[in-house]
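# Report on the structure
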Amino acid sequence: MSNIVDPLVERIAARVRTERARRKWTLAQLADASGVSRAMINRIERGESSPTAVVLGKLSAAFQLSVASLLALAEGSPDDADGGAEVRRQTDAAEWYDPATGYRRRQITSPHFPAEIAEIHLPPEARVPYPAAAFAFIRQVVWVLDGRLTFHDGDTVHELDAGDTIELGEPTERVFANNTDTGCRYAVILTRGTTP
């Protein structure tokens, strides 16, 4: 894969612009809130640069959204407000790809479902850190489906094998790492707590 699927890059760009506009923030204000440079935010908003997982984590934290929420909103899933069943085919699902690490993320649930579920593929030797603010206002479970995940929860390190789960507590800096020579696949399940 050379990059994120182009339509998804455009939708992420539009979502970042929309979230910034909703808050009436300038590029400088978003840069200050996120720790991402104004130049990078500008390139992302114009669809000229594919954000890494780390950059998406910082932007979502500034917006007080989870990465899953930011990507689910960017995917523009069909409105299922009528409560009817909706089949989402794997072949139709947009997959977000981090060009820096090879990390791949596919949103399983639509933005209208009360829990957000994402499937992540973490390649060998990949490491993805997130700031504590990315975990504010959410309750989250990580469930390892295949492989081994080294999960840094603040200063505590957990080695998780296939079938293992961890329920995350209070927000802290976290790192998802695959220190093996084979891929790791895990699911992230989250629900929103106190609304920001």
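Refer to the structure presented above.
Attention in this report is confined to the structure presented alongside it.

### Some words on the nonpolar core
- Residues Tyr103, Leu122, Tyr130, Leu149, Phe176 and Tyr186 are the most contacted members of the largest nonpolar core, which totals 44 residues.
- Looking at which element gives the most residues to this core, the answer is helix α4 (residues 53–62), with 6 residues.
- Setting aside anything within four residues of it in sequence, one finds leucine 122 in contact with Tyr103, Val128, Leu149, Phe176, Ala177, Asn178, Gly183, Cys184 and Tyr186.

### So, the environment of valine 128
- Residue placement: valine 128 occurs in strand β4 (residues 127–130).
- Valine 128 gets classed as buried once you look at its relative accessible area, which sits at 1%.
- Residues valine 128 and arginine 174, spaced 46 residues apart in sequence, show a C-alpha to C-alpha distance of 8.5 Å.
- Apart from the residues lying within four places of it in its own chain, the contact partners of valine 128 are Ala53, Thr101, Tyr103, Leu122, Arg174, Val175 and Phe176.

### Quick notes on the packing of aromatic side chains
- Using the criterion set out here, one finds 6 aromatic pairs in the structure.
- Taking 6.2 Å as the distance between ring centres and 85° as the angle between the ring planes, the aromatic pair formed by tyrosine 130 and phenylalanine 135 counts as edge-to-face. Pair check on accessibility: tyrosine 130 and phenylalanine 135 agree, each one buried.
- Taking 5.0 Å as the distance between ring centres and 65° as the angle between the ring planes, the aromatic pair formed by phenylalanine 151 and phenylalanine 176 counts as edge-to-face. Separated by 25 residues along the polypeptide, phenylalanine 151 in strand β6 (residues 148–153) and phenylalanine 176 in strand β9 (residues 174–177) bring together distant segments of the chain.
- Among the residues examined, phenylalanine 151 registers a relative accessible area of 0% and is labelled buried.
- Positioned over the ring face of phenylalanine 135 is arginine 174, at 4.6 Å from the centre of the ring.

### Notes on the packing of helix α2 (residues 27–34) against helix α3 (residues 38–45)
- Here α2 crosses α3 at 115°, and the two axes come no closer than 9 Å. With respect to their mutual orientation, α2 and α3 come out roughly perpendicular. You can see that α2 and α3 cross each other, and the crossing is right-handed. In this structure, α2 contributes Leu27, Ala28, Leu30, Ala31 and Ser34 to the contact, and α3 contributes Arg38, Ile41, Asn42 and Glu45.

### Comments concerning unusual backbone geometry
- Unlike most non-glycine residues, lysine 24 shows phi in positive territory, near 55°.
- Its place among the elements puts lysine 24 in the loop between α1 (6–22) and α2.
- For lysine 24, a relative accessible area of 71% corresponds to the exposed category.

Analysis parameters
Residues numbered from 1 in each chain as written. Predicted model: local features only at pLDDT ≥ 70, side-chain atom pairs only at ≥ 80, totals over all residues. Heavy atoms only, no water. Core = buried A, V, L, I, M, F, W, Y, C linked by side-chain atoms within 4.5 Å. Buried < 20%, exposed > 50% of the residue type's maximum accessible area, 1.4 Å probe, protein only. Helix = DSSP H or I, 4+ residues; strand = E, 2+ residues; numbered from the N terminus. Contact = heavy atoms within 4.5 Å. Phe/Tyr/Trp six-rings, centres within 6.5 Å; stacked < 30°, edge-to-face > 60°. Lys NZ or Arg CZ within 6 Å of the ring centre and 35° of its normal. Axes fitted to C-alpha atoms, helices over the stretch in contact; angles between N-to-C directions. Parallel < 35°, antiparallel > 145°, perpendicular 65-115°, else oblique. Left-handed = near helix turned anticlockwise from the far one by under 90°.

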